[in-house]
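The residues making up each chain are set out below.
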Amino acid sequence: MNKFLIINIFVYLYPFKTQGRMTESFVIQSDIANLPQVEERLFHFCHENNVGNYYSAVSVAVMQAVENSIVHGNESDSSKKVSLMFDTCRGGICAEVSDEGRGFDFRQYGNLPSGESTQGEGIFIMKSLADRMTFSDEGRKVRLEFDVAGIDPSDALERASVLQAFFSLVAA
């Protein structure tokens, strides 16, 4: 991920306004080749709900959740499925991603990975971009919530700083 993408993640132009509640739920085979389908559906969902300005931040976090479900949750077993749901919620949008894996102890992840370990990077990125992140079903399901009525400028600066530190660590 480059600095340009990080900057775009925090750009916001319009308040959140929808023409009504719209939920999209679908299931994909647990295969990385299906990521473009998820990204396309998320893109359309954001634009149909007039929150296209937030697509970059939402997309990075949601796509990381889907990739984690495929690779780690379902262990790249294409006979398993990943379920997704996009919805409007609490003045913003939310996404739920669940897999058919064994689950995991999500409490040990979410902080800035240290040293040479890359374990937990995806969860750290998701946590940094979402306003709220909750796990359920023993770690098989994650819910990401994004407030899009307006990102507080201090929150945006803090998020940019955290991600900059992360990418500096990864590049080292």
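About the thresholds
Residues numbered from 1 in each chain as written. Predicted model: local features only at pLDDT ≥ 70, side-chain atom pairs only at ≥ 80, totals over all residues. Heavy atoms only, no water. Helix = DSSP H or I, 4+ residues; strand = E, 2+ residues; numbered from the N terminus. Expected span 1.5 Å × (residues − 1). Buried < 20%, exposed > 50% of the residue type's maximum accessible area, 1.4 Å probe, protein only. Arc of directions from axis to C-beta. Contact = heavy atoms within 4.5 Å. pLDDT = per-residue confidence, 0-100.

Enquirer: Even after reading the chapter, I still don't get helix α2 (residues 35-48), so can you show me in this structure?
Expert: Because an α-helix packs 3.6 residues into every turn, residues spaced three or four apart end up facing the same way. Taking 1.5 Å per residue as the helical rise, α2 with its 14 residues ought to reach 20 Å, and the 20 Å between its terminal C-alpha atoms agrees with that figure. Looking only at α2, the buried set comprises Leu-35, Val-38, Leu-42, Phe-45 and Cys-46. Within α2, the buried residues cover an arc of 95 degrees as seen down the axis, which keeps them to one side. Taken together, the buried residues of α2 touch β1 (24-29), α3 (55-73), β2 (81-89) and β3 (92-99). Positive backbone phi, at 60 degrees, marks Asn-50, one or two positions downstream of α2.

Enquirer: Any chance you could explain the confidence of the model for the protein chain here in plain terms?
Expert: Should the pLDDT be low somewhere, the predicted coordinates at that spot are not to be read in detail. On average, residues of the protein chain score 81 in pLDDT, and 77% of them are at 70 or above. Taken element by element, the predicted model of the protein chain shows its lowest mean pLDDT in helix α1 (residues 3-9) (39) and its highest in β1 (96). Overall, residues 1-20 carries pLDDT values under 50, and its contacts beyond four positions in sequence, including any with other chains, amount to 41 contacts.

Enquirer: Can you walk me through unusual backbone geometry in this structure?
Expert: Generally, phi is negative for residues other than glycine and the peptide bonds are trans, each holding for most cases. Positive phi outside glycine occurs at Asp-137, with the angle close to 50 degrees. Mapped onto the elements, Asp-137 comes out in the loop between β4 (132-136) and β5 (141-147). On the basis of relative accessible area, Asp-137 is assigned to the partly exposed category, the value being 43%. One non-glycine residue, Glu-138, lies in the positive phi region at around 55 degrees. Among the secondary structure elements, Glu-138 is positioned in the loop between β4 and β5. The exposure class assigned to Glu-138 is exposed, which follows from its relative accessible area of 57%.

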